[in-house]
Number of protein chains: 2
Amino acid sequence: MLTNLTIALDMMGGDYGPRSSIPAAVRAVNANANLKLILCGNEQVIAKQLESLDSLSHPRLIIRHCNDVVTNACEPAVAVRSKKDSSMRVALDLVKSGEAQACVSSGNTGALFFMAHYVLKMLPGVKRPALISAVPTERKNPVYLLDLGANVHCDAQMLYQFGIMGSVVAGQALGCDNPKVSLLNIGAEDIKGHEEIKQAAQLMQQSELINYIGYSEGSDIFSGKADVIVCEGFVGNVALKTCEGIAKLIMKKFTRALEKHVVYKCMAFMLAPIIKKLYKRVNPDQYNGASLVGLRGIVVKSHGNASAKAFHAAIDEAVKEVERQLPDKIAAIFEKTHSKDTAVE
Amino acid sequence: MLTNLTIALDMMGGDYGPRSSIPAAVRAVNANANLKLILCGNEQVIAKQLESLDSLSHPRLIIRHCNDVVTNACEPAVAVRSKKDSSMRVALDLVKSGEAQACVSSGNTGALFFMAHYVLKMLPGVKRPALISAVPTERKNPVYLLDLGANVHCDAQMLYQFGIMGSVVAGQALGCDNPKVSLLNIGAEDIKGHEEIKQAAQLMQQSELINYIGYSEGSDIFSGKADVIVCEGFVGNVALKTCEGIAKLIMKKFTRALEKHVVYKCMAFMLAPIIKKLYKRVNPDQYNGASLVGLRGIVVKSHGNASAKAFHAAIDEAVKEVERQLPDKIAAIFEKTHSKDTAVE
């Protein structure tokens, strides 16, 4: 375990802003004695909220005042150009300068992606960073799904690289050497899907860096047959949010069905903790630390409507990634590939 | 209600072939005294199965022998070119000739789409047919999602036309005049998504034919905020299959959680019927009649791993579409648009 961990937080992002990010920060430092957090955002707002939680003078919670905020409606390019004193940008700058080892934000995904890309730059050889998250499966281990919305469309080379980066993330998180990598498609047969996917499948099949196991369909995501599932950002984002929607629907319908009969009503009361626990298990909110991979720094994206608990989970994810030194490990693989490519040339 | 209904069935498609399609056909004719079914496929296999169900001499079950089958691995273009005596093709030919008013298949989606397109042709003015299905929501009414995989990529005009066709289907099924139409995107803000979606949003906004209500995210599908949600085929297919996967996961995890404690174990026994009913409600298998819209004929696609019950649901969906005269209603709208376009020219 690292003894000196500093993480920068964008306190103003997401639907709830400081209302969820501040309780999360307080919980995180109280749970981890090695953790220092730099809270980027409006000083007054943050101080007031910290005071209400008796944590204004916490020695490991440092406020860094920022005048501006990146809203959800802000165009990514505008955010990069004109939001230099925003909480999101300052948090990223702290990673760039080395003052913080990682940053966490629940703000505008597109803006965070563009800004992180601009501020931190990509690792050598990486075409595009991707957003990756763990998703629950029927088995003990989750599956790592990427890209979740950082890149709307992706070409074959990008999908292939996502496979490599996903392998590193899953390998580190699951403690396995050869994570199984699959491509999300609309059928298991080789003829299905579009050109980019077919080409990416070929690249993965030929690569020594990836343990490619073929296509997966949407219904296979949760079976646990793969450790990593690769898709373009639009598709991954829709898949993840669809999970969220259907999980809510099932829980609601189940509770409603129980309430219809007196006998079941009593059961509903007893079942409530199980249902709640299950909902948390399948809700991506709990697997909240979606991370940007492929950058020269660690950036964790928390859900836009992250609760304090979810934002805390994202901070924990950032801590784990610092401990696992993910960017260095990804860089080492791409360096090897690059030197091989150069040798062939 | 129509008194003379004839529907052609592709008996050999799907993962279970005649094992699910024949019990389904028997149930369907027994449940509807006006329904005649033409069973296309291997005569011997069908006769043997019918005999085992004491239905070989049923007066409204007519066998049409076909020598060939379109397998799941068959390329769509190959299916069209060389599978002229397949159960899928013969069923479509029966619709084309007017002998049947609709057909149902659980076979290779891509091949069915290409073949239906080739045999039945599109309605005047329609750019591409789409696959549409009802999906459960939190409210009483389902939402109609299209395209579910007939067209991997779609341009703005195609998405716009899917909105029009979806409106007709939802309007007829839900009995409402102005169904709310939405576009599936990766954010609710106008800046989100790719060019095709932004252009389609403009077309829908300007159109008198569509009651456009803006973007939906994956999590909104099940909220019931829209009656029709439009997306490209790749995305729709992944979304639908993701639902299937997560519904299975939740049910499994719930049952497992109950089995861990003795008290809950007894409950599990009592809860089994509720869980089963709920699973059916949220499982797309039950909303099984995915239909190809935009063609000069009715084609219902049953799920590849359709059970007898699910295949029966697809036959029922075909009956409803015949009664609602869906292709005529879609044609009337496109004719109006077309004559308007001509007038403007």
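Please read all numbers here as calculations on a predicted model, not as lab measurements. (Residues numbered from 1 in each chain as written. Chains lettered and ligands numbered in written order. Predicted model: local features only at pLDDT ≥ 70, side-chain atom pairs only at ≥ 80, totals over all residues. Heavy atoms only, no water.)

(A) Inspection of the overall build of chain A at higher detail. Helix and strand counts for chain A come out as eleven helices and eleven strands. Counting over 345 residues, chain A shows a buried share of 59%. Taking all contacts inside chain A whose residues are at least 6 apart in sequence as the whole, residues at least 24 apart take part in 72%. Accessible area for chain A stands at about 14100 Å²; split by element, carbon and sulfur atoms hold 51% of it. (Helix = DSSP H or I, 4+ residues; strand = E, 2+ residues; numbered from the N terminus. Buried < 20%, exposed > 50% of the residue type's maximum accessible area, 1.4 Å probe, protein only. Contact = heavy atoms within 4.5 Å. Areas by Shrake-Rupley, 256 points an atom, 1.4 Å probe, with all protein chains shown as cover.)

(B) Spatial organisation of the interface of chain A and chain B. Opposite the 60 residues of chain A that make contact, chain B presents 60 residues. Buried area between chain A and chain B, summed over both chains or domains, comes out near 5300 Å², and the portion from carbon and sulfur atoms is 75%. Its salt-bridge partner being Glu217(A), residue Lys241(B) comes within 2.2 Å of it at the nearest N-O pair. At the boundary of chain A and chain B, one finds five residue pairs in polar contact (both at pLDDT 80 or more). Listed by contribution, the elements that provide at least two residues to the side of chain A that touches chain B are α7 (195-206), α8 (233-259) and α9 (262-282) of chain A. By residue number, the principal contributor to the side of chain A that touches chain B is α8(A), which donates 21 residues. Taken together, the residues of the side of chain A that touches chain B break down into 34 nonpolar, twelve polar and 14 charged. (Buried area = accessible area lost by both parts, 1.4 Å probe. Salt bridge = Lys/Arg side-chain N within 4 Å of Asp/Glu carboxyl O. Polar contact = N/O pair within 3.5 Å; in protein donor to acceptor, adjacent residues only side chain to side chain. Nonpolar A, V, L, I, M, F, W, Y, C, P; charged D, E, K, R; others polar.)

(C) Broad picture of the packing of helix α6 (residues 156-174) of chain A against α7(A). All names here are of chain A. Remark: α6 packs on α7, axes separated minimally by 8 Å, with the N-to-C direction vectors making an angle of 45 degrees. In terms of orientation, α6 and α7 fall into the oblique class. The handedness of the crossing between α6 and α7 comes out as right-handed. Between α6 and α7, the contacting residues are Ala-156, Gln-157, Leu-159, Tyr-160 and Gly-163 on the first element and Glu-196, Ile-197, Gln-199, Ala-200, Leu-203 and Met-204 on the second. Class assignment for the residues of the contact of α6 with α7 results in seven nonpolar, three polar and one charged. (Axes fitted to C-alpha atoms, helices over the stretch in contact; angles between N-to-C directions. Parallel < 35°, antiparallel > 145°, perpendicular 65-115°, else oblique. Left-handed = near helix turned anticlockwise from the far one by under 90°.)

(D) Looking closely at the relation of the copies chain A and chain B. Taken as rigid bodies, chain A and chain B are interconverted by a rotation of 180 degrees and an axial shift of 0.0 Å, the fit giving an RMSD of 0.0 Å. The relationship between the two copies is best expressed as a two-fold rotation axis. (Least-squares fit on C-alpha atoms with pLDDT ≥ 70 in both.)

(E) Up close: the pattern of salt bridges. Enumeration according to the criterion identifies 13 salt bridges over all chains in this entry. Between Lys252(A) and Glu138(B) there is a salt bridge, with the nearest N and O atoms lying 2.8 Å from each other. With Lys252(A) in helix α8 and Glu138(B) in the loop between β5 (130-135) and β6 (143-146), this pair bridges two chains.

(F) Up close: the packing of aromatic side chains. Residues and elements named next belong to chain A. For the coordinates displayed, the defined rule picks out two aromatic pairs over all chains. Ring geometry for Phe-113 versus Phe-114: centroids 6.1 Å apart, planes at 80 degrees, classification edge-to-face. Lying over the aromatic face of Tyr-118, Lys-121 brings its terminal NZ or CZ to 4.7 Å of the ring centre. (Phe/Tyr/Trp six-rings, centres within 6.5 Å; stacked < 30°, edge-to-face > 60°. Lys NZ or Arg CZ within 6 Å of the ring centre and 35° of its normal.)

(G) Region of the structure containing the sheet that holds β5(B). All names here are of chain B. Read across the open sheet, the eleven strands follow the order β3-β2-β1-β4-β11-β10-β5-β6-β9-β7-β8; overall the sheet is mixed. The open sheet has two edge strands, β3 (61-65) and β8 (211-216), and neither has a second partner. Going across the sheet, the axis of each strand differs from the next one's by a mean of 25 degrees, ignoring polarity. Here three bridges tie strand β1 (residues 5-10) to strand β4 (residues 102-105), and the two strands are oriented parallel to one another. From the neighbouring strand, Leu-9 faces β4, where its bridge partner is Val-104. On the sheet, helix α1 (residues 18-31) packs against β1, β2 (35-41) and β3 and is oriented at approximately 165 degrees with respect to β2. Helix-sheet contacts for helix α5 (residues 109-120) involve β4, β5, β10 (290-293) and β11 (298-301), and the interaxial angle to β11 is about 175 degrees. (Pairing = 2+ DSSP bridges.)

(H) Examining the environment of Ile298(A) more closely. Residue and element names in this part refer to chain A. Here Ile-298 shows up in strand β11 (residues 298-301). In this structure the C-alpha to C-alpha distance between Ile-298 and Cys-103, which are 195 residues apart in sequence, comes to 6.4 Å. When near neighbours in sequence (up to four residues on either side) are disregarded, Ile-298 contacts Val-95, Gln-101, Ala-102, Cys-103, Glu-321, Val-322 and Pro-327.

(I) Looking closely at the sheet that holds strand β8 (residues 211-216) of chain A. Residues and elements named next belong to chain A. Ordered in space as β3-β2-β1-β4-β11-β10-β5-β6-β9-β7-β8, the eleven strands form an open sheet in which the pairing is mixed. Two strands lie at the open edges of the sheet, namely β3 (61-65) and β8, each paired on one side alone. When strand polarity is set aside, the average angle formed by the axes of neighbouring strands in this sheet is 25 degrees. The sheet contact formed by strand β4 (residues 102-105) and β11 spans four bridges and is parallel. Residue pairing across strands places Ser-105 opposite Lys-301, the latter belonging to β11.

(J) Region of interest: helix α7 (residues 195-206) of chain B. Over its twelve residues, α7(B) runs 17 Å from end to end, which matches the ideal 16 Å to within 8%, given 1.5 Å per residue. Those residues of α7(B) that fall on the buried side of the exposure criterion are Ile197(B), Ala200(B), Ala201(B) and Met204(B). Here the buried residues of α7(B) occupy an arc of 105 degrees about the axis, which is enough to place them on one side. Taken together, the buried residues of α7(B) touch α8 of chain A together with α6 (156-174), β7 (180-184), β8 and β9 (228-230) of chain B. (Expected span 1.5 Å × (residues − 1). Arc of directions from axis to C-beta.)

(K) Representation of the side chain of Glu317(A) within the structure. Residue and element names in this part refer to chain A. Mapped onto the fold, Glu-317 is located in helix α10 (residues 308-324). Despite its burial, Glu-317 pairs with no opposite charge, the nearest such side chain being Arg-324 at 4.5 Å. Excluding residues that lie within four positions of it along the chain, Glu-317 makes contacts with Gly-289, Ser-291, Val-300 and Arg-324. (Lys, Arg positive; Asp, Glu negative; His and termini not counted.)

(L) Up close: unusual backbone geometry. Cis geometry is adopted by the peptide bond preceding Asp147(A), which originates at Leu146(A) and carries an omega value of 0 degrees. Checked against the element boundaries, Asp147(A) lands in the loop between β6 (143-146) and α6. At Asp54(B), a residue that is not glycine, the phi angle is positive and equals roughly 55 degrees. Residue position: Asp54(B) is located in the loop between α2 (43-52) and β3. One non-glycine residue, Lys121(B), lies in positive phi territory at about 65 degrees. Examined against the element boundaries, Lys121(B) turns out to sit in the loop between α5 and β5. According to the relative accessible area criterion, Lys121(B) is partly exposed, its value standing at 40%.

(M) Local environment of the nonpolar core. If you look at the biggest cluster of nonpolar residues, it comprises 180 residues, and the most contacted ones within it are Leu92(A) and Leu92(B). Those residues in contact with Leu92(A) that lie beyond four places of it in its chain are Cys103(A), Leu112(A), Met115(A), Ala116(A), Val119(A), Leu120(A) and Val299(A). (Core = buried A, V, L, I, M, F, W, Y, C linked by side-chain atoms within 4.5 Å.)

(N) Main features of the packing of helix α4 (residues 87-97) of chain B against α5(B). Residue and element names in this part refer to chain B. Two elements in contact, α4 and α5, have axes separated by 10 Å at closest approach and are oriented at 30 degrees. As for how α4 packs across α5, the hand of that crossing is right-handed. Facing Met-88, Arg-89, Leu-92, Asp-93, Val-95 and Lys-96 of α4, the residues of α5 in contact are Ala-111, Leu-112, Met-115, Ala-116, Tyr-118, Val-119 and Leu-120. For the contact of α4 with α5, the class distribution of residues is ten nonpolar, no polar and three charged.

(O) Representation of the pairing of strand β1 (residues 5-10) of chain A. Residue and element names in this part refer to chain A. Judged by how many residues are buried, β1 sits mostly within the fold: six of six residues are covered. Two strands pair when backbone bridges link them, and β1 and strand β2 (residues 35-41) are joined in this way by six bridges, in the parallel orientation. Paired with Leu-5 across the bridge in β2 is Leu-35. As a crossover connection, the stretch from β1 through helix α1 (residues 18-31) into β2 is right-handed. (Right-handed = clockwise from strand over helix to strand, strands pointing away.)

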